[in-house]
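The primary structure of each chain is shown beneath.
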Amino acid sequence: MISHFLMWFCNWADFSFFGAGVRNSAWLFPSIEIFHLLALGILGGTVLLVNARLLGLRFTGEPVAELAKDVQPWMYISLGVVLVSGFFLFSSESLKMYDNPAFRIKMASLVLAILFSFTLHRRVSRLDESHLAGAWPKWAAVISLVLWTSVGLAGRAIGYVPQLH
Amino acid sequence: MSLTSLFVWLHDTSFSIWLRDSTWTEPIVETIHVLSLTLFFGFAVLLDSRLLGITMKRRRISEVLAQLNPWLIAGFIVMTVSGILLFMGDPVSFYQTTFFKVKIILIVLAGLNVLVFNATIGSRMESWDLATPTPGKAKASAILSLCFWIAIIAAGRAIAYVLPPP
C-alpha cells in the first residue's frame, strides 16, 4: 500500500514538468545542488550548535532556550531550502531514487530527524535551565546528532551504492 | 621545478597510487570533507550574521567569536587535511581543472580577509562589542567572508562535475 503510493509519487515527480526540466538542463541540477549544500551547511551548523550547548560544550554561560531561539530562524529557513531544493533534485531522477537503498535510508532518517526535532528536541531546547539537569537533555542532543548525521551519511552514499533492481 | 612536474612526481608516489586505487579511501575522505565543510559553513554563517547584526544581537561579539572560533578552526583543519588527501589522489587532474585553481585562490582570499579583519577592526573589538549597528568595516568583512565561502563551496561542487569521483 505505502510502496504503491511511493511508486506513484516517484512516477509523478519523474514525469512532472519540473522533474523533466531539471533532468534536461545541463546546469539546473548543479545549481540547485549548490543551494542544497549551502542550506544544508547552515542547518548542520545550527543543529550542532544547539546540541553542543545541550551537551555543555559551547555557550555554557547562556541559557539553552535563548541560544535555540537565536538560531531558530536560520534552522527553519535552511530546512525549508534543503527540502525544496532536495525535492527538485529528487524529481529529476525519482524513479532511480526509488530503487536506491541509500536514498531510502536517507528519507527514513530525515523523517525521524524532523519528527524528533519538532517534538521532543524542541521541548527540551525550550526548557527552563532548572529543568535541564540530568542526563535526558544530553540524550536528546545525542539522538538529534545521530539522526542528522545518518541523513548526511546516507545522502553521501547515494552516488556510491548499486541500485536495488 | 615547475608545479606541473612536482604534481606529476606526486602522482607517481606510492601514497598517491594507494589513495587512487583504494575502494574506500575516496568515499570516506570525501564524506569527511563534505561533513566538516557543512559544519564549518554553518558556524561561519552564524558568526558573519552576528557581525552583520542579524542573529544573537544581545550577545557580545567577542563572546560569540570565542565560542565559535575553536570549532571553526577545528573544522578548517579537518577540511584542509581531507582536501589535501583528495588532491593528492589525483594531483595532475586537479591542477588542470580551472575550478580547482579558482577554489584555491578564493581560499587564499578568504584567509586574507580574516587576517585583515584581525589586524584592523577586529583588534579593537572591545570598543564595538555590543554596538548596534556594527561598524561598516566589520559588516564588509562579514559580507566578503560569506561571498568567498559560498563561491568556494560552489567551485568545489563544480570540481566534482569536471572530475567525477572514481
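Residues numbered from 1 in each chain as written. Chains lettered and ligands numbered in written order. Predicted model: local features only at pLDDT ≥ 70, side-chain atom pairs only at ≥ 80, totals over all residues.

Draft legend 1. Looking closely at the overall build of chain A. Along the backbone of chain A there are eight helices and zero strands. Helices (α) and strands (β) of chain A occur, in sequence order from the N terminus, as α-α-α-α-α-α-α-α. Out of the 165 residues belonging to chain A, those deemed buried represent 35%. For chain A, long-range pairs separated by at least 24 residues make up 82% of all intrachain contacts whose partners lie at least 6 apart in sequence. (Helix = DSSP H or I, 4+ residues; strand = E, 2+ residues; numbered from the N terminus. Buried ≥ 20, exposed ≤ 12 C-beta atoms within 10 Å, placed from the backbone. Contact = placed C-beta atoms within 7 Å.)

Draft legend 2. Quick look at the confidence of the model for chain A. Residues at a pLDDT of 70 or more form 100% of chain A, whose mean pLDDT is 92. Of all secondary-structure elements in chain A, the lowest mean pLDDT belongs to helix α7 (residues 120-125) of chain A, at 89, while helix α6 (residues 101-118) of chain A reaches the highest, 96. (pLDDT = per-residue confidence, 0-100.)

Draft legend 3. Helix α8 (residues 136-157) of chain A, seen in detail. Look at α8(A): 31 Å from first C-alpha to last across 22 residues, which is about the 32 Å you get at 1.5 Å a residue. For α8(A), every residue scored as buried is listed here: A:P137, A:A140, A:A141, A:S144, A:L147, A:W148, A:V151, A:G152, A:A154 and A:G155. Tucked inside the fold, the buried residues of α8(A) contact α3 (28-54), α6 and α7 of chain A together with α3 (25-51) of chain B. (Expected span 1.5 Å × (residues − 1).)

Draft legend 4. Representation of unusual backbone geometry within the structure. A cis amide bond, omega -10 degrees, links B:T132 with the succeeding residue B:P133. Take B:P133: it is sitting in the loop between α6 (98-119) and α7 (136-162). Unlike most non-glycine residues, A:F59 shows phi in positive territory, near 50 degrees. Looking at the secondary structure, you find A:F59 in the loop between α3 and α4 (64-91).

Draft legend 5. Summary view of the interface of chain A and chain B. On the side of chain B, 21 residues touch chain A, which itself brings 22 residues to the contact. Here the side of chain A that touches chain B gets 13 residues from one element, more than from any other, and that element is α3(A). Its residues assigned to classes, the side of chain A that touches chain B shows 13 nonpolar, five polar and four charged. (Nonpolar A, V, L, I, M, F, W, Y, C, P; charged D, E, K, R; others polar.)

Draft legend 6. Quick look at the nonpolar core. Of all hydrophobic cores here, the largest spans 57 residues; its most connected members are B:F41 and B:I153. Listed by contribution, the elements that provide at least two residues to this core are α3, α4 and α8 of chain A together with α3, α4 (61-89), α6 and α7 of chain B. Sort the elements by how many residues they give to this core and α3(B) lands first, with twelve residues. If we skip the residues at most four places from it in the chain, B:F41 touches A:L38, A:G41, A:I42, A:G45, B:W149 and B:I153. A:C10, A:A13, A:M97 and A:Y98 belong to the second largest nonpolar core, which has five residues in total. (Core = buried A, V, L, I, M, F, W, Y, C linked by C-beta atoms within 7 Å.)

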